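Fold and geometry: a report
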Amino acid sequence: MSGLKTRPVGATATLGRTGYPHLVSDTGGTLEIATGASQPGFNPIDLLHAALAACLTMSARIAVRELGLADSLSEVVARVTGDKAKDGPSRIARFHVNMHFKGTLTPQQQSAVVHRAEEICTVSNSLASRPVIEIGEF
């Protein structure tokens, strides 16, 4: 595995006196944040849900390969929602994940894939471990 190229990770948000945050990933991707209730786009909580959904689908694809079931999967969909905590501090208290598999995986195989995907997923592992957040100036 010495030939693997590592991907830069990180993001920078910039916010002026008015408007919404503009995000730039360390690889140059950009995204405008939307916060209005009827405004289309992603808000910060949507991005948290999206990160978990994307990571779980990619991890499921890895899991089917590990389990020798790659030919049995044509598509995997992860839908993630969450409940905000009713008490402080402001946070998501519970994530709800529904995964749907297209292909010929049996219910037992789907369960095995979901279990393995959760083990593989960096985002679910990070959320479950309550990582340290260090805030400083740059």
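In this report, we go over the structure that sits alongside the text. Predicted model only: the values in this text are computed from it and were never measured.

Turning next to the sheet that holds strand β2 (residues 22-25). If you walk across this open sheet you meet the three strands as β1-β2-β3, and the pairing is antiparallel. Two strands in the sheet have a free side with no partner beyond their single neighbour: β1 (11-14) and β3 (30-32). Across the sheet, the axes of successive neighbouring strands diverge by a mean angle of 20 degrees, strand direction being ignored. Relative to β3, β2 is paired through three bridges, and the arrangement is antiparallel. Bridge assignment links V24 to a residue of β3, and that residue is T30.

Residue P89 is reached from G88 by a cis peptide bond, and omega for that bond is -10 degrees. You can see P89 is positioned in the loop between β4 (73-84) and β5 (92-103). Even without glycine at this site, R130 takes up a positive phi of about 50 degrees. Position of R130 relative to the elements: it lies in the segment after α3 (122-129).

Here we take up the environment of A11. Structurally, the position occupied by A11 is in strand β1. Residues A11 and S124, spaced 113 residues apart in sequence, show a C-alpha to C-alpha distance of 19 Å. Contacts of A11, omitting those with residues within four sequence positions, involve V24, S25 and D26.

A few words now on helix α1 (residues 44-66). The first and last C-alpha atoms of α1 sit 33 Å apart over 23 residues, in line with the 33 Å expected at 1.5 Å per residue. Buried residues along α1 sit in contact with β4, β5, α2 (107-120) and α3. Of the residues flanking the start of α1, the one acting as N-cap is N43, its side-chain oxygen 2.9 Å from the backbone nitrogen of I45. Just past α1, the residue G68 takes up positive phi, approximately 70 degrees.

Next up on the list: the pattern of salt bridges. Pairing is possible between side chains that carry opposite charge, provided their charged atoms lie close to one another. One pass over the structure, following the stated rule, counts four salt bridges. Note that E66 and R116 form a salt bridge whose closest N and O atoms lie 2.6 Å from each other. Residue E66 is found in helix α1, and its partner R116 is found in helix α2; the two are separated by 50 residues along the sequence. Of the residues examined, E66 reaches a relative accessible area of 48% and is grouped as partly exposed. A salt bridge links R116 to E119, with the shortest nitrogen-to-oxygen separation between them at 3.1 Å.

Cut-offs applied
Numbers given to residues run from 1 along each chain, matching the order in which its sequence is written. Owing to the predicted nature of the model, reporting of local features is limited to residues with pLDDT of at least 70; listing and counting of side-chain atom pairs is limited to 80 or more, with chain, interface and lining totals taken over all residues. Only hydrogens and water are set aside when side-chain values are computed; all heavy atoms of the structure are taken into account. Being paired, for any two strands, means DSSP has found at least two bridges between them. By the criteria applied, helices consist of DSSP H or I runs no shorter than four residues and strands consist of E runs no shorter than two, each listed in order from the N terminus. Axis definition: a line fit to C-alpha positions, over the contact stretch in the case of helices; interaxial angles, taken between N-to-C directions, run 0 to 180 degrees. Whether two residues are in contact is decided by their heavy atoms, any of which lying within 4.5 Å being enough. Expected helix span is taken as 1.5 Å per residue step, with the number of steps being one fewer than the number of residues. A 3.5 Å cut-off defines polar contacts: any pair of N or O atoms within that distance qualifies, except that in protein one atom must be a possible hydrogen donor and the other a possible acceptor, and neighbouring residues in sequence count only when both atoms are side-chain atoms. Note on definitions: salt bridges are taken to be side-chain nitrogens of Lys or Arg within 4 Å of carboxyl oxygens of Asp or Glu. For every residue, the accessible area (1.4 Å probe, protein chains only) is compared with the maximum for its type, and the residue is labelled buried under 20%, exposed over 50%, or partly exposed between those bounds.

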